[in-house]
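Listed here are the chains, written in short residue letters.
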Amino acid sequence: MAAPRDVIVIGAGPAGSATAARLHRLGVRDVLVLERAQLPRDKPCGGGLTGRCRAALDALGLQLAVPAIAAQRVLIRFGAYERSVDLPRPVDVVRRLDFDASLVAQVRSLGIPVATGARVVRLAVAQEAVTLHLASGDELRARVVIGADGAGSIVRKHLRGATRAVPLRLFMQELAAPARREDLLFDFTPMLAGVRGYAWAFPVAGGRVNVGVLHSPPAPRTSPQLLGALRVTLAREGIELPARGVQGWLAWGFEPRAPVAAPRLLTVGDAAGIDALTGEGIAVALEHAQIAATAAARALADGDFRFAGYRAALARAPVGRELALDRWLAAQVYAAGAGWQRWLRRLLFDRDFAELYAARIAGTGSLAAAWRALARAYLRDRLDSSARRLRFAQACAGFGVEVGKRGFAP
Ligand SMILES: Cc1cc2nc3c(=O)[nH]c(=O)nc-3n(C[C@H](O)[C@H](O)[C@H](O)COP(=O)(O)OP(=O)(O)OC[C@H]3O[C@@H](n4cnc5c(N)ncnc54)[C@H](O)[C@@H]3O)c2cc1C
């Protein structure tokens, strides 16, 4: 039997490409990337590369080498309420078909093989190596396997067994823009229709617009309900959502306590979980990949393949701290009961919070590092709650809901 490879990365999305590139930088040369699709392949996505992406790409030695629209402003909307926030650094909006293909080309140019049409259907972990069974019938072995295989990850399933979890649901479509759009619209109005999330409209190169909706698990909603809420939201922008062509996808919100590794196995990117508040996962994948590659390189050097400290390393890193904080915020803002109204009010009406979040999106700051400002924003809301309740009710006026003292429950 042939000797196992050092590392096999499953998946050639941003997480897989970034992990392979980082392993190369760390001097690990015996790496193979397996991708089930033929490349280039598309991926339903808003394509928003937050400010942290640039820094993460630099750290990985990768370039942003595809057309991108640099959005300088965020427009936050809820019913009649709107706030425009300048971003300290722009967010680049790309098309995933181009972006992912460009990352793969850069990985290949380092001499790292990327095998396409190579779908892993089963894995078996033994003392010395992991055996991967491919749909073609081939078997491959590696000392470390990194699951960068997205939301449907086979490695994630192996780690979690029969654990029950409910995913985030997202829908997106790229359309012709009725008017030039320069900002990133985050519209929380669909929450008045029972959605637990937001609708977006991002400018895309070529005078187009990327639109979509994110819905968080606690409140069950059917696809027609989610698309109906998106349609109404977009109509305000003069954008007509066609009856067909909207792509739906699932994602797992990051859970700080859930398993992300086991002996000889690591997960990264969507396979490990994405930002539960915003659904952002590209910067997360690029930053997370650096931690995964470091863990794999260390295991190959010292022969300890248990990966016992991987989850803690992720939790300590800026990306892990942000994911944990956003998970907590998502649990408040997207709660099934009426409590979401209090939290949405806190997030919407506080200038400090809006600026902190803008800094976070731009990659110039992090929420976890600004906990004092967050605490101040929270206290201000407690002191000012009746005025903010009134603003909330005013924002909802004309949107088909009556907001009483205790809010309302759609
Ligand atoms: C509608 C929508 C909008 C989004 N908008 C944004 C946004 O604006 N900004 C942002 O930062 N994030 C956004 N995200 C999240 C972002 O798309 C993901 O976080 C990102 O794609 C994660 O990259 P990844 O490499 O982990 O997974 P993926 O990009 O899903 O790549 C996984 C790869 O693994 C391959 N694969 C899977 N299974 C196997 C197998 N068994 N064998 C071999 N190969 C396999 C797949 O073919 C795929 O190429 C959005 C997500 C959705 C669904």
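If you're wondering where the values come from, they're calculated on a predicted model, not measured in any experiment. (Residues numbered from 1 in each chain as written. Predicted model: local features only at pLDDT ≥ 70, side-chain atom pairs only at ≥ 80, totals over all residues. Heavy atoms only, no water.)

## Observations regarding the site of the ligand
Part 1 of the reasoning: Around the ligand sit 35 residues, and of these Glu35, Arg41, Gly46, Arg96 and Asp270 come closest.
Part 2 of the reasoning: Within the side chain of Arg41, one N or O atom sits 2.7 Å away from an oxygen atom of the ligand.
Part 3 of the reasoning: With respect to the ligand, the backbone of Ile282 contributes an N or O atom lying 2.9 Å from an oxygen atom.
Part 4 of the reasoning: Here the ligand has 1000 Å² of accessible area as a free molecule, and 95% of this is covered by the chains.
Part 5 of the reasoning: Those elements that place two or more of their residues in the shell around the ligand are helix 1 (14-25), strand 10 (168-176) and strand 12 (197-204).
Part 6 of the reasoning: Its residues placed into classes, the shell around the ligand shows 17 nonpolar, nine polar and nine charged.
Part 7 of the reasoning: Among the domains, domain 1 (5-47 + 95-165 + 253-322) and domain 2 (168-251) are the pair contributing at least three residues each to the shell around the ligand. (Near = heavy atom within 4 Å. Polar contact = N/O pair within 3.5 Å; in protein donor to acceptor, adjacent residues only side chain to side chain. Areas by Shrake-Rupley, 256 points an atom, 1.4 Å probe, with all protein chains shown as cover. Helix = DSSP H or I, 4+ residues; strand = E, 2+ residues; numbered from the N terminus. Nonpolar A, V, L, I, M, F, W, Y, C, P; charged D, E, K, R; others polar. Domains from an automatic or database assignment.)

## Here's the deal with the domain arrangement of the protein chain
A common measure of how large an interface is: the accessible area buried when the components associate.
Part 1 of the reasoning: Each assigned domain of the protein chain is listed with its residue range as follows: domain 1 (5-47 + 95-165 + 253-322) and domain 2 (168-251).
Part 2 of the reasoning: Centre-to-centre, using C-alpha coordinates, domain 1 lies 29 Å away from domain 2.
Part 3 of the reasoning: Listed per partner, the contact involves 14 residues of domain 1 and 15 residues of domain 2.
Part 4 of the reasoning: Roughly 1100 Å² of surface becomes buried between domain 1 and domain 2 when both sides are summed, with 59% attributable to carbon and sulfur atoms. (Contact = heavy atoms within 4.5 Å. Buried area = accessible area lost by both parts, 1.4 Å probe.)

## With respect to the packing of helix 8 (residues 318-333) against helix 9 (residues 340-349)
Part 1 of the reasoning: Their axes nearest at 7 Å, the elements helix 8 and helix 9 cross at an angle of 125°. With respect to their mutual orientation, helix 8 and helix 9 come out oblique. Each of Trp328, Leu329, Gln332 and Val333 in helix 8 lies in contact with helix 9, whose residues at this interface are Trp340, Trp343, Leu344 and Leu347.
Part 2 of the reasoning: Across the contact of helix 8 with helix 9, the residue classes tally to seven nonpolar, one polar and no charged. (Axes fitted to C-alpha atoms, helices over the stretch in contact; angles between N-to-C directions. Parallel < 35°, antiparallel > 145°, perpendicular 65-115°, else oblique.)

## Structural notes on the nonpolar core
Part 1 of the reasoning: The biggest cluster of nonpolar side chains holds 56 residues, and the ones touching the most others in it are Val7, Leu23, Ile146, Leu266 and Tyr310.
Part 2 of the reasoning: Broken down by element, this core gets its largest block of residues, 14 residues, from helix 6 (residues 282-302).
Part 3 of the reasoning: Excluding residues that lie within four positions of it along the chain, Tyr310 makes contacts with Val260, Ala261, Leu266, Thr267, Val268, His288, Ile291, Ala292 and Ala295.
Part 4 of the reasoning: Counting 50 residues, the second-largest nonpolar core is a separate cluster that includes Ala330, Ala373, Leu374 and Ala395. (Core = buried A, V, L, I, M, F, W, Y, C linked by side-chain atoms within 4.5 Å. Buried < 20%, exposed > 50% of the residue type's maximum accessible area, 1.4 Å probe, protein only.)

## A closer look at the sheet that holds strand 14 (residues 247-251)
Part 1 of the reasoning: The mixed open sheet is built from eight strands, whose spatial order is 3-5-4-11-12-13-10-14. For this open sheet the edge positions go to strand 3 (48-49) and strand 14, each flanked by a neighbour on one side alone.
Part 2 of the reasoning: The pairing of strand 4 (residues 69-78) with strand 11 (residues 184-187) spans four bridges and is classified as parallel. Opposite Leu75, over in strand 11, you have Leu185 as the bridge partner. (Pairing = 2+ DSSP bridges.)

## Topic: helix 9
Part 1 of the reasoning: Burial of helix 9 is extensive: nine of the 10 residues sit out of reach of the surface.
Part 2 of the reasoning: Among the residues of helix 9, those classed as buried are Trp340, Gln341, Trp343, Leu344, Arg345, Arg346, Leu347, Leu348 and Phe349.
Part 3 of the reasoning: Where helix 9 is buried, its residues meet strand 4, strand 5 (81-93), helix 8, helix 10 (351-362), helix 11 (371-383) and helix 12 (385-396).

## Notes on helix 8
Part 1 of the reasoning: The terminal C-alpha atoms of helix 8 lie 22 Å apart, and with 16 residues this matches the ideal 22 Å at 1.5 Å per residue to within 8%.
Part 2 of the reasoning: Among all positions of helix 8, only Val319, Gly320, Glu322, Leu323, Asp326, Leu329, Ala330, Gln332 and Val333 are buried.
Part 3 of the reasoning: Buried positions along helix 8 lie against helix 2 (51-60), helix 6, helix 7 (310-316), helix 9 and helix 10. (Expected span 1.5 Å × (residues − 1).)

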